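Examining the three-dimensional arrangement
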Amino acid sequence: MFTQVSTHWRQFQISKKNVARRWLKVSLLLILFTISISSLSAATEVYFAQALRGSAARGTSCILIWNPTDTAASVTIKFTNQAGTIQETQGFSVAAQATEKRTLGGTGVALTVGSLKVTSAADSILETLLFSIMSLPEVGVLSVQGNDWWSGVGQVDDQVNTGLAVRATGGPAVCTLTTYRANGSLTGSAPVNLGADDQTAMFLDEMIDNLPTPYRDCFSLHCEGSVVAVALRQRRSDGFFTTIAMGNSEGENEAVYAQAVRGSAASGTSRILVWNPGGSPASVTVRFRNQAGTSLESQTTSVPSKAIEEIVLEGPGVPLTVGSISVSSAAGILSTLLFNLSGLPTVGVLPNTGDGWWSGVGQGARSLPGAGVRHRQEEPHPQFRGCRGGRKLLPGTRAVAAHRHSNALS
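Residues numbered from 1 in each chain as written. Predicted model: local features only at pLDDT ≥ 70, side-chain atom pairs only at ≥ 80, totals over all residues. Heavy atoms only, no water.

**Examining the overall build of the protein chain**
To be explicit about the condition: A run of H or I in DSSP becomes a helix once it reaches four residues, and a run of E becomes a strand once it reaches two; helices and strands are each numbered from the N terminus. We call a residue buried when its accessible area falls under 20% of the maximum for its residue type, exposed when it is over 50%, and partly exposed in between, using a 1.4 Å probe and counting protein chains only. We call two residues contacting when some pair of their heavy atoms lies within 4.5 Å.
Scanning the protein chain for helices and strands turns up 2 helices and 31 strands. Across the 410 residues that make up the protein chain, the buried fraction comes to 54%. In the protein chain, the proportion of contacts linking residues at least 24 apart, taken out of those at least 6 apart, comes to 79%.

**Here we look at the pairing of strand E6 (residues 86-94)**
Definition in use: Pairing between two strands is assigned when DSSP locates at least 2 bridges connecting them.
Here 8 bridges tie strand E5 (residues 73-81) to E6, and the two strands are oriented antiparallel to one another. Directly across from Thr 76, in E6, lies its bridge partner Gly 91. In textbook terms, the turn of a hairpin is the stretch between consecutive antiparallel strands, and for E5 and E6 this stretch comprises 4 residues, one of which, Gly 84, has a positive phi near 85°.

**A word on the nonpolar core**
Under the convention used in this document: Here, nonpolar core refers to any group of buried Ala, Val, Leu, Ile, Met, Phe, Trp, Tyr and Cys residues whose side-chain atoms link them within 4.5 Å.
Counting residues in hydrophobic clusters, the biggest one holds 66 residues, and the most contacted among them are Ile 65, Ile 77, Leu 116, Val 118, Leu 177, Leu 221 and Val 227. No other element matches strand E16 (residues 215-235), which puts 11 residues into this core. In this structure Ile 77 touches Ile 63, Ile 65, Glu 88, Thr 89, Gln 90, Phe 92, Arg 102, Leu 104, Leu 116, Lys 117 and Val 118, once residues within four positions along its chain are discounted.

**Things to note about the side chain of Glu 88**
Put simply, the rule reads: Here a polar contact means two N or O atoms within 3.5 Å. Within protein one must be a hydrogen donor candidate and the other an acceptor candidate, and residues neighboring in sequence count only if both atoms are side-chain atoms.
Mapped onto the fold, Glu 88 is located in strand E6. What makes Glu 88 buried here is its relative accessible area of 13%. In this structure the side chain of Glu 88 is engaged in a polar contact, spanning 2.9 Å, whose partner is the backbone nitrogen of Gly 105.

**As for the pattern of salt bridges**
When charged atoms on two side chains of opposite charge get close, those side chains can pair. Our working definition: For this analysis, a salt bridge means a side-chain nitrogen from Lys or Arg found within 4 Å of a carboxyl oxygen belonging to Asp or Glu.
Inspection of the entire model under this criterion finds 9 salt bridges. The salt bridge partner of Glu 297 is Arg 262, with a shortest N-O separation of 2.6 Å. Of this pair, Glu 297 sits in strand E21 (residues 295-303) while Arg 262 is found in strand E18 (residues 252-262), placing the two residues 35 residues apart along the sequence. The exposure class of Glu 297 is buried, given its relative accessible area of 15%. One salt bridge in this structure joins Arg 271 and Glu 310, with 2.6 Å as the shortest N-O distance. A residue pair is termed long-range when its members are at least 10 positions apart, and Arg 271 in strand E19 (residues 268-275) and Glu 310 in strand E22 (residues 308-313) qualify at 39 residues. Residue classification places Glu 310 among the partly exposed residues on the basis of a relative accessible area of 32%.

**Some words on the side chain of Thr 69**
Summarising the element assignment, Thr 69 is placed in the loop between strand E4 (59-66) and E5. Side chain to side chain, Thr 69 and Asn 67 meet in a polar contact 2.6 Å long.

**Quick word on empty space enclosed by the protein**
Gaps left between atoms are located by rolling a probe of water-molecule size over the structure's atoms. As a reminder of what qualifies: Lining residues are those with an atom within 4 Å of a point, where the points come from a 1 Å grid over the protein atoms alone and group into cavities, where a 1.4 Å probe fits but cannot get out, or pockets, open sets with protein on both sides within 12 Å along at least five of seven lines. Grid points are joined across faces, edges and corners, and a volume is the space filled by probe spheres set on the points. Each residue is assigned to one of three groups, with Ala, Val, Leu, Ile, Met, Phe, Trp, Tyr, Cys and Pro labelled nonpolar, Asp, Glu, Lys and Arg labelled charged, and all others, Gly among them, labelled polar.
The final tally for this structure, using the stated rule, is 6 cavities of 30 Å³ or more. When its volume is computed, the largest cavity comes out at roughly 70 Å³. Those elements giving two or more residues to the lining of the largest cavity turn out to be strand E11 (147-156), E16, E19 and strand E23 (321-341). Among the elements that make up the lining of the largest cavity, the one with the highest residue count is E11 (3 residues). Among the residues forming the lining of the largest cavity, the class breakdown is 4 nonpolar, 4 polar and 3 charged.

**Considerations on the environment of Gly 84**
Among the secondary structure elements, Gly 84 is positioned in the loop between E5 and E6. A sequence separation of 114 residues divides Gly 84 from Asp 198, and the C-alpha atoms of the two residues are 4.2 Å apart. Among all residues touching Gly 84, those that are not within four sequence positions of it are Ala 196, Asp 197 and Asp 198.

**Side note on unusual backbone geometry**
Of the consecutive residues Thr 213 and Pro 214, the connecting peptide bond is found in the cis state with omega at 0°. Unlike most non-glycine residues, Gln 97 shows phi in positive territory, near 60°. Looking at the element boundaries, Gln 97 is found in the loop between E6 and strand E7 (99-103). When its relative accessible area of 36% is taken as the criterion, Gln 97 is described as partly exposed. Positioned with a positive phi, Asp 197 is a non-glycine residue whose angle comes to about 70°. Among the secondary structure elements, Asp 197 is positioned in the loop between strand E14 (186-194) and strand E15 (199-203). Residue classification places Asp 197 among the partly exposed residues on the basis of a relative accessible area of 27%.

Structure representation (structure tokens):
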């Protein structure tokens, strides 16, 4: 699907008729996905490595932009197709403390895969992009800045596939995608060469010839030139997507996931995938705390150099508990957390470090999709679409996660 847009989205084998048939069941499904939420830091130029431009019927992207400052901010968004051609530009002003929603494309616009660039003279705007394909749930994409190295965790088997979207920023980029096994051994590599502002999006098993499957391991992207990247996890049975966090540093000593669950395979649980990009083994401790701050589980393991370790928080008969997870190591490590509730698509949660101020963009309505921090609904205005919580300084150091849910027939 990433490389070619067609009526049937042939890579996913999901037509409009199949989607409608799947969704005409009587049960009600709660779809969850992570939306970006930011601390005080922001940038004058950010990118979304994956975006769509089309119509409401076929699929498109909407961008929610918040200006948390006390003065108006001038913002420009540019959608670029995979060949690096700008197909749409919108320039507008966002009032102080206001949110602006912009939608790409329009009635009758052909569906196109590409990327989005957001620039502003102000350095404090915050943004979230949501794209949708036909009647499937929306997917949140993270805004990032260019870097010459990215890493992530992929899964390719008969249930799940992982896609990678990459866009060059500012000039051509010559990259190498490398996949590894859990023990650190190399399983394959492939060139990823992009012209200025070009974008490519493919599944790992399309990019790496003879990728051994089932595959649930790590990959890295090394570039000469600056790129942005995002990984998307797709469930084969229904086409649902989840955004997966990717790292662009040599690792962190501590990462906090503000949303996690601990339970059993039947009720729901969390998986933490830890990668050690360093040259020597790293001792890693994963700790789960409930919402009262009580530590309910702690696991410490040694991760070999260039290797990946999967840590699962579950056990037979363990009651389902909501809480948070911290991942710590004396060496720099990279991690991704995935949690699932019984029968629902897997949700990727983004790691962060503590800060005293956070902000995000939310949407809520009693009969429409809603957003909330840790799913705590606060009875917003029936047509709320704005900045959840406003500009509020939280005492102490906090890590925060936001998720968006939609009610859909499954």
